[in-house]
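For reference, the chains in residue letters:
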There are 2 protein chains.
Amino acid sequence: MDDIDRALVRNLQEDAGRSYAALGAAVGLSAGAAHERVRKLRERGVIRRTTVEVDPAAVGSGVLAYVMVDANAWMGDSAAAFAAIAEIQEAHVIAGSASVLVKVRTATTEQLQDVLRRLYAIDGVSGTQATVVLETFFERPVPL
Amino acid sequence: MDDIDRALVRNLQEDAGRSYAALGAAVGLSAGAAHERVRKLRERGVIRRTTVEVDPAAVGSGVLAYVMVDANAWMGDSAAAFAAIAEIQEAHVIAGSASVLVKVRTATTEQLQDVLRRLYAIDGVSGTQATVVLETFFERPVPL
DNA sequence: ACACCAGGTGGACGACATCGACCGGGCGCT
DNA sequence: AGCGCCCGGTCGATGTCGTCCACCTGGTGT
């Protein structure tokens, strides 16, 4: 994981469709060498997968909210219960007054309310506090 | 934006490296037709870009925190000020007691503290409340 | 000083993206 | 209702690119 690897990852974050020849040229390597390094980055799990960034509003998820979930029980083993709610994009166990922080995307605020209802149905959940996003300044890849 | 488009996007979210032939087969179309639909999805901005998902811990961003930023002024035009802090991965204007919610990734808690210091330096920022993530259950693509 | 090896180069081969010519079915117009 | 237009599809040709391999080189440890 040297500077060249970091440059490769940065390039792929910008555009994963870039050719290995272009990738190599960008970091001063041949196409074959660039290919080999990227292969190893995948193998090591540094690169998890190559995916596509979607405009949430265009696919019917115009409403974004963060929900602090309070609990009266140990939530460490409840990942599956949160994953079962399709509208939840992220779920984290947090330090602080609440127990879990989830990121929710829905089409409407009514559907957001429905997600809150389903959150309450999870074992151990004692309360929620939703924060609705008014405007997203930016969302960008993991920093290097 | 019909069911076929949704299926295509779902497939590309899973693996953007999939061939157009495989993509077409998955939705009952020829490679050419699949290619054309994906091209239009990009053109329309439904697909913003094709990128690579990176393991944050592997690139020196093992600490994740959400920070509620309080302000005593209108923050609507301050996107650039937040974008200038490289460790900030997301920044949203929110409804509620705080003004802005930011997602921060750093290597250490010391660096997190430094980010908080730089947040205070932004015009209009009057306070911060950081929530450190202990464990991430999951992070997944925008739901369809 | 020598041998080993991780990591790089360049070329060959096959697969895949990309484009164009052609086709069919749905919709609006007369 | 009939006609023609056009969006969106299939199929096939072409060139680029990913992928693999054989060979090379510079650094490291004994």
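Within the secondary structure, Arg10(A) sits in helix 1 (residues 3–14). On a C-alpha basis, the gap between Arg10(A) and Tyr66(A) in space is 28 Å, while along the polypeptide they are 56 residues apart.

The next point concerns helix 5 (residues 109–120) of chain A. Residues and elements named next belong to chain A. The first and last C-alpha atoms of helix 5 sit 17 Å apart over twelve residues, in line with the 16 Å expected at 1.5 Å per residue. Of the residues making up helix 5, those classed as buried are Leu 112, Val 115, Leu 116 and Leu 119. Mapping the buried residues of helix 5 onto a view down its axis gives an arc of 100 degrees, with all of them on the same face. Exposed and oriented more than 90 degrees from the buried face of helix 5 are Glu 110, Gln 113 and Arg 117. Where the residues of helix 5 are buried, they touch strand 2 (63–71), helix 4 (79–83), strand 3 (88–94), strand 4 (100–106) and strand 5 (125–139).

Another point: the pattern of salt bridges. Think of it this way: side chains of opposite charge can pair up when their charged atoms draw near. Evaluated as defined, the whole model comprises 34 salt bridges over all chains. Where Asp114(B) meets Arg118(B), a salt bridge forms, and the shortest distance between an N and an O atom there is 3.1 Å. One end of the pair is Asp114(B) and the other is Arg118(B), both in helix 5 (residues 109–120) and four residues apart, which spans about a single turn. On the basis of relative accessible area, Asp114(B) is assigned to the partly exposed category, the value being 28%. Through salt bridges that share partners, Glu90(A), Lys103(A), Arg105(A), Glu139(A), Glu90(B), Lys103(B), Arg105(B) and Glu139(B) make up one connected network.

Moving on to the protein's contact with DNA strand D. Taken together, the residues surrounding DNA strand D are Arg18(A), Ser19(A), Tyr20(A), His35(A), Leu29(B), Ser30(B), Ala33(B), Arg37(B) and Lys40(B). Each atom of DNA strand D within 4 Å of the protein was classed as base or backbone; sugar and phosphate made up 95%. In the environment of DNA strand D, a phosphate oxygen lies 3.0 Å from a nitrogen or oxygen atom belonging to the backbone of Tyr20(A). For the surface near DNA strand D, the element with the highest residue contribution is helix 3 (residues 31–43) of chain B, accounting for three residues. Residue composition of the surface near DNA strand D, by class: three nonpolar, three polar and three charged.

What counts and how
- Residues numbered from 1 in each chain as written.
- Chains lettered and ligands numbered in written order.
- Predicted model: local features only at pLDDT ≥ 70, side-chain atom pairs only at ≥ 80, totals over all residues.
- Heavy atoms only, no water.
- Helix = DSSP H or I, 4+ residues; strand = E, 2+ residues; numbered from the N terminus.
- Expected span 1.5 Å × (residues − 1).
- Buried < 20%, exposed > 50% of the residue type's maximum accessible area, 1.4 Å probe, protein only.
- Arc of directions from axis to C-beta.
- Contact = heavy atoms within 4.5 Å.
- Salt bridge = Lys/Arg side-chain N within 4 Å of Asp/Glu carboxyl O.
- Near = heavy atom within 4 Å.
- Polar contact = N/O pair within 3.5 Å; in protein donor to acceptor, adjacent residues only side chain to side chain.
- Nonpolar A, V, L, I, M, F, W, Y, C, P; charged D, E, K, R; others polar.

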